[in-house]
Amino acid sequence: MAPTELTEAGPRRPTAGYRDLIRVPGFWRLATVGMVSKIPPAMAGLSLLLLIGRDYSYTTAGLAVSGSAIGQGLTAPLRGRLADQHSPRPVLLTCLAGHLTATVLLLLAVHVAIVDALAGAMGASAPPVAVMMPVG
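Quick notes on the rules
Residues numbered from 1 in each chain as written. Predicted model: local features only at pLDDT ≥ 70, side-chain atom pairs only at ≥ 80, totals over all residues. Heavy atoms only, no water. Helix = DSSP H or I, 4+ residues; strand = E, 2+ residues; numbered from the N terminus. Buried < 20%, exposed > 50% of the residue type's maximum accessible area, 1.4 Å probe, protein only. Core = buried A, V, L, I, M, F, W, Y, C linked by side-chain atoms within 4.5 Å. Contact = heavy atoms within 4.5 Å. Axes fitted to C-alpha atoms, helices over the stretch in contact; angles between N-to-C directions. Parallel < 35°, antiparallel > 145°, perpendicular 65-115°, else oblique. Left-handed = near helix turned anticlockwise from the far one by under 90°. Nonpolar A, V, L, I, M, F, W, Y, C, P; charged D, E, K, R; others polar. Expected span 1.5 Å × (residues − 1). Arc of directions from axis to C-beta. Patch = residues over 30% accessible without salt bridge, like charges linked within 9 Å, V, L, I, M, F, W, Y side chains within 5 Å. Areas by Shrake-Rupley, 256 points an atom, 1.4 Å probe, with all protein chains shown as cover. Salt bridge = Lys/Arg side-chain N within 4 Å of Asp/Glu carboxyl O.

Re the environment of Pro88
Argument step 1. With respect to the helices and strands, Pro88 occurs in helix 5 (residues 88–108).
Argument step 2. In this structure Pro88 comes out as partly exposed when scored by relative accessible area, which is 37%.
Argument step 3. Between the C-alpha atoms of Pro88 and Pro128, which are 40 residues apart in sequence, the distance is 9.3 Å.

Here's the deal with the nonpolar core
Argument step 1. Counting 11 residues, the largest nonpolar core consists of Leu48, Ile52, Ala61, Ala64, Ala102, Leu106, Ala109, Val115, Leu118, Ala119 and Met122.
Argument step 2. With four residues, helix 6 (residues 112–124) is the single largest residue contributor to this core.
Argument step 3. When neighbours within four sequence positions are excluded, Ala109 is seen to be in contact with Tyr56, Ile114, Val115 and Leu118.

Things to note about the packing of helix 5 against helix 6
Argument step 1. With their axes 8 Å apart at the nearest point, helix 5 and helix 6 run at an angle of 160° to one another. Our classification of the angle between helix 5 and helix 6 gives roughly antiparallel. As for how helix 5 packs across helix 6, the hand of that crossing is left-handed. Between helix 5, through His99, Ala102, Thr103, Leu105 and Leu106, and helix 6, the contact on the second element is made entirely by Val115, Leu118, Ala119, Ala121 and Met122.
Argument step 2. Across the contact of helix 5 with helix 6, the residue classes tally to eight nonpolar, two polar and no charged.

Let's talk about helix 5
Argument step 1. With 21 residues, helix 5 ought to run about 30 Å at 1.5 Å a step, and its terminal C-alpha atoms sit 30 Å apart, in line with that.
Argument step 2. All of the buried residues along helix 5 are Val91, Cys95, His99, Ala102 and Leu106. Mapping the buried residues of helix 5 onto a view down its axis gives an arc of 65°, with all of them on the same face. In helix 5, the exposed positions that point more than 90 degrees away from the buried face belong to Arg89, Thr94, Leu107 and Leu108.

Points about a nonpolar patch on the surface
Argument step 1. The grouping of Met43, Leu46, Leu50 and Tyr58 at the surface amounts to a nonpolar patch, some 430 Å² of accessible area in total.
Argument step 2. Looking at which element gives the most residues to the nonpolar patch, the answer is helix 3 (residues 27–55), with three residues.
Argument step 3. Positionally, Tyr58 belongs in helix 4 (residues 58–85).

Shown next, in the form of structure tokens:
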């Protein structure tokens, strides 16, 4: 390459790669699905901690967040297998119904043990939407 070719083209702008990515067909649909499916799980632990910490001790709130994470971790392989074996739609809707039920019952619960158990149920029934994003 001759030195004149480099100066004629100029340096590539740092945002050029992002501009190219935005022009890919289907980018905005995938970006939207990715953002919507990842924000709720990321905020669930913090929301649960703040919600339970308002009425109970932070120890109880921490146990509830831990229970939710353990419930989610223990049942994630099962929920993933169910989504693979069956259509994702009924699996997601069933998980969503269980998750919403556990969340509403958690909001109505008054006993510490019930709060912690329901937090575990919330984690165990979280819909596995992030892993079902289309890849291309």
